[in-house]
Amino acid sequence: MKPPVSAAQLNNRLKLRYLAFLVSVDEERSISRAAERFAISQPAATKLLREIEDLVGARLFERSRYHVAPTASGQIALNTARRILSEVRQLGEELKALSGGETGRVKIGSLISASTTLLPLSLGRLAERFPRITASISETTEDVLLPALAVGDLDVVLGRLPARRDPKFRMRLLYREEFCIVARPDHPIFSSGGDLARRLSDQNWVLPPVTTMTRVETEQTLIAAGLGAPRVVAESSAVMVNLRLVQSADVLSAMPLTLARTYAAMGTLAMVEGGPEFPKSQIGIVTRAEADLTPAARHFIAAVEEVAAELG
């Protein structure tokens, strides 16, 4: 392995094609499949990877007959490559927006706490004002969305703010949201007599995965109330899946109070009154600290802030 080149030489010799190839190798976990994506032969791909490693002076991937995985140096290079490629895509979007009027794309990550009210209302307002802006939405958990935001695959994440502050992100609190326990209207918990706490401690639950703040705070709230950890029979970060499970089975769940009231008014869910009080969650916007937002993302955030002010 050659010694690494200087920063000035790296600036002159590093190509976007090199970065895109590194990302392809990581995504495919195969040099041959990355070669297919680049329409080159496998020997050419192997040579290209060696050229990149010689350029940076470090082995970026461990290779075996059946396995390709990034080294510690490779992971650093991949993080930088994804960030640079994202900035290049953003440049194209901003130039397109300038040349074609208010157009563009905003890439949004949404947590369950925003998916039910804040996000749809904000998207509606954005569409009314800027119908040529396209919103791309990913709804999953924060352990997936925040890394995607960090490398530029997303412009903004909406929902419950992380408990731990990270210097990579800029966070803005919009409002605080109450959570409550819900069940289907004919759930046995509403007809059973006796102590509510004892009945709650003997129920099945459907909750988001353990990596989410909703799951953590639900478990902490129940344990602090002396009910013990919930007996979780299904884990899901999909809002509609959780709703259908609660509506069709004898299970409990925790959800934002605004959403619970909406479904209670329709008669499809009921709130379990008298249960433990959940701490109010901080709902807000997360963006990258060291990145400029595209015009489309700025317009979307402006719509979010207006809707949040009305909800709050």
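Note: the structure precedes this text.
Remember, predicted model here, so these are calculated numbers, not experimental data. (Residues numbered from 1 in each chain as written. Predicted model: local features only at pLDDT ≥ 70, side-chain atom pairs only at ≥ 80, totals over all residues. Heavy atoms only, no water.)

Asker: Explain the overall build of the chain to me, please; I cannot follow it from the model alone.
Answerer: Broken down by element type, the chain carries 13 helices and 12 strands. Projected onto its principal axes, the C-alpha coordinates of the chain cover approximately 75 × 50 × 30 Å. A sequence separation of at least 24 residues applies to 75% of the contacts in the chain between residues at least 6 apart. (Helix = DSSP H or I, 4+ residues; strand = E, 2+ residues; numbered from the N terminus. Contact = heavy atoms within 4.5 Å.)

Asker: For this particular structure, what's the right way to read the pairing of strand 8 (residues 204-207)?
Answerer: Two faces make up the sheet, and in a regular strand the side chains alternate between them. Pairing analysis gives 4 bridges linking strand 8 to strand 9 (residues 231-235), with the strands arranged parallel. Across the sheet, the residue bridging to Trp205 is Val232, located in strand 9. Running through helix 10 (residues 213-224), the crossover from strand 8 to the neighbouring parallel element strand 9 is right-handed. (Pairing = 2+ DSSP bridges. Right-handed = clockwise from strand over helix to strand, strands pointing away.)

Asker: Even after reading the chapter, I still don't get unusual backbone geometry, so can you show me in this structure?
Answerer: Backbone geometry follows two general trends: most residues other than glycine have a negative phi, and most peptide bonds adopt the trans configuration. We note that Arg29 has phi near 50°; this positive angle belongs to a residue other than glycine. Mapped onto the fold, Arg29 is located in the loop between helix 2 (16-28) and helix 3 (31-38). A relative accessible area of 37% means that Arg29 is categorised as partly exposed. The phi dihedral of Ala39 is positive, around 60°, even though this residue is not glycine. The residue Ala39 is located in the loop between helix 3 and helix 4 (42-56) in this model. (Buried < 20%, exposed > 50% of the residue type's maximum accessible area, 1.4 Å probe, protein only.)

Asker: How do you make sense of the sheet that holds strand 7 (residues 179-183) when you look at a structure like this?
Answerer: Hydrogen bonding along the main chain pairs the strands of a sheet, whether they run parallel or antiparallel. Pairing is antiparallel across the open sheet formed by 3 strands, whose spatial order is 10-7-11. Each end of this open sheet is capped by a strand with a single partner; those strands are strand 10 (253-256) and strand 11 (270-271). Across 4 bridges, the pairing between strand 7 and strand 10 is antiparallel. Of the residues in strand 10, the one forming a bridge with Val182 is Ser253.

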